[in-house]
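# Geometric and topological summary
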Amino acid sequence: ISIATTIGIVLILATETVSFFSHVSFVDFLGDTQWTPLFADQHFGVWPLLVGTLLTSAIAIGVAVPIGLLAAIFLSELAHARARRWLKPALEMLAGVPTIVYGYFALVVVTPLLQKVIPGLAGFNALGPGIVMGIMIAPMISSLSEDALYAVPTSLREAAYALGAGRLATIFRVVLPSAASGIGASIILAMSRAVGETMVVTIAAGQRPELTLDPRVPIETMTAYIVQVSMGDTPRGTIEYRSIFVIGASLFLLTFVMNLISHKLRRRFKTASEG
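Residues numbered from 1 in each chain as written. Predicted model: local features only at pLDDT ≥ 70, side-chain atom pairs only at ≥ 80, totals over all residues. Heavy atoms only, no water.

## Overview of the environment of S57
Relative to the helices and strands, S57 resides in helix 3 (residues 47-78). Taking C-alpha positions, S57 is 6.5 Å from M191, a pair spaced 134 residues apart along the chain. Sequence-distant contacts of S57, defined by excluding residues within four places in its chain, comprise M133, A194 and V195. (Helix = DSSP H or I, 4+ residues; strand = E, 2+ residues; numbered from the N terminus. Contact = heavy atoms within 4.5 Å.)

## Structural notes on the nonpolar core
Ranked by size, the top nonpolar core spans 26 residues in total, and within it M133, M136 and I137 carry the most contacts. Contributing elements (two or more residues each) for this core: helix 3, helix 5 (99-115), helix 6 (127-150), helix 9 (180-195) and helix 10 (199-204). Among residues more than four places away in sequence, those in contact with I137 are A60, I61, A64, A190, R193 and A194. If you look at the next biggest cluster of nonpolar residues, it comprises 23 residues, including F20, F29, I239 and F245. (Core = buried A, V, L, I, M, F, W, Y, C linked by side-chain atoms within 4.5 Å. Buried < 20%, exposed > 50% of the residue type's maximum accessible area, 1.4 Å probe, protein only.)

## What to know about the confidence of the model for the protein
Residues of the protein with pLDDT of at least 70 account for 96%, and the chain-wide mean is 87. Mean pLDDT values over the elements of the protein span from 79, in helix 12 (residues 239-274), up to 93, in helix 5. (pLDDT = per-residue confidence, 0-100.)

## Re the packing of aromatic side chains
Within the structure shown, the criterion is met by eleven aromatic pairs. Ring centres of F29 and W35 lie 6.5 Å apart, and the angle between their planes is 70°; this geometry places the pair in the edge-to-face category. In this structure, F29 and W35 share a single accessibility class: buried. On the numbers, 6.1 Å between centres and 90° between planes, the contact of W35 with F44 is edge-to-face. (Phe/Tyr/Trp six-rings, centres within 6.5 Å; stacked < 30°, edge-to-face > 60°.)

## Re the environment of A185
With respect to the element layout, A185 can be found in helix 9. On a C-alpha basis, the gap between A185 and V257 in space is 13 Å, while along the polypeptide they are 72 residues apart.

## Considerations on the side chain of E240
By the element assignment, E240 lies in helix 12. Among the polar contacts listed, one links the side chain of E240 to the side chain of Q42, at a separation of 2.7 Å. If near-sequence neighbours (up to four positions away) are discounted, E240 is found in contact with P37, L38, Q42, Y225, V229 and T234. (Polar contact = N/O pair within 3.5 Å; in protein donor to acceptor, adjacent residues only side chain to side chain.)

## A word on the layout of surface pockets
To find leftover empty space, a probe the size of one water molecule is rolled over the atoms. By volume, the largest pocket amounts to about 360 Å³. Around the largest pocket, the lining comprises 19 residues; the ones closest to its centre are F29, V246, A249, S250 and L253. For the lining of the largest pocket, the secondary-structure elements that each account for two or more residues are helix 1 (2-21), helix 2 (26-31), helix 3 and helix 12. Here the lining of the largest pocket takes six residues from helix 12, the largest share from any one element. Taken together, the residues that form the lining of the largest pocket break down as 17 nonpolar, two polar and no charged. (1 Å grid on protein atoms, 1.4 Å probe; cavity = no way out; pocket = protein on both sides within 12 Å on 5 of 7 lines; lining within 4 Å. Points joined across faces, edges and corners; volume = space filled by probe spheres on them. Nonpolar A, V, L, I, M, F, W, Y, C, P; charged D, E, K, R; others polar.)

What follows is the structure, given as structure tokens:
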């Protein structure tokens with residue numbers, strides 16, 4: 001069933017994408033810097049949506065990696081076994097909060113707080129939802145990284161202590177490099193989750209597809225555009241309707257490439273550790 005579902009998704013995306021490019025030039029899709037398929041003056045340059053998606057994802061990863069990795073180190077190397085049994089499930093509960101709750105939290109709490117310290121921050125922006133997405137995906141990094149750290153053989157720690165290494169030196173010079181494959185996989189997986197996030201950016205980032213790297217201004221991501229067009233106002237079969245499929249196909253390729261990178265990293269670090 002899973003294989004048939006995947007094949008069906010790929011076929012639908014491919015069919016609608018081919019129909020889209022029968023009306024829009026591939027050169028315009030990659031060469032234009034404007035995305036206005038719903039306006040009278042139509043432009044189909046994907047870069048504003050792609051840059052907006054990568055901008056919010058980069059902010060999210062910048063927040064999630066230090067929080068998640070430090071939490072994993074604490075749970076695996078420093079926390080008492082009883083504290084670990086309680087703290088890890090409590091941290092993972094954050095992953096069960098509906099994403100629409102995170103979206104409104106970013107809009108009504110985080111953004112007003114940021115506006116007090118960051119001049120020129122708009123009501124809809126990339127910074128607020130990026131930070132909240134980082135908090136949202138941090139449990140994913142911490143849980144998977146903690147499992148990778150916990151799986152490092154105790155003999156490696158004991159060998160480091162026998163050579164005179166302290167606790168922090170053992171953690172950062174022995175344990176972390178040994179668990180690098182699992183940590184790298186958790187970060188790539190969390191970034192894929194951030195790239196595909198929908199409700200947080202739809203609610204708090206705005207719907208203005210502008211090509212900018214300024215996190216203070218409104219932007220639009222790929223997923224937010226799909227939500228915008230899927231509201232039912234766009235006639236089926238039109239070029240505007242088909243544009244959501246080409247954006248979906250672009251998201252599919254982006255996450256597919258990230259998964260390939262994750263696989264390559266796991267293989268490289270596994271080979272290095274075996275060597």
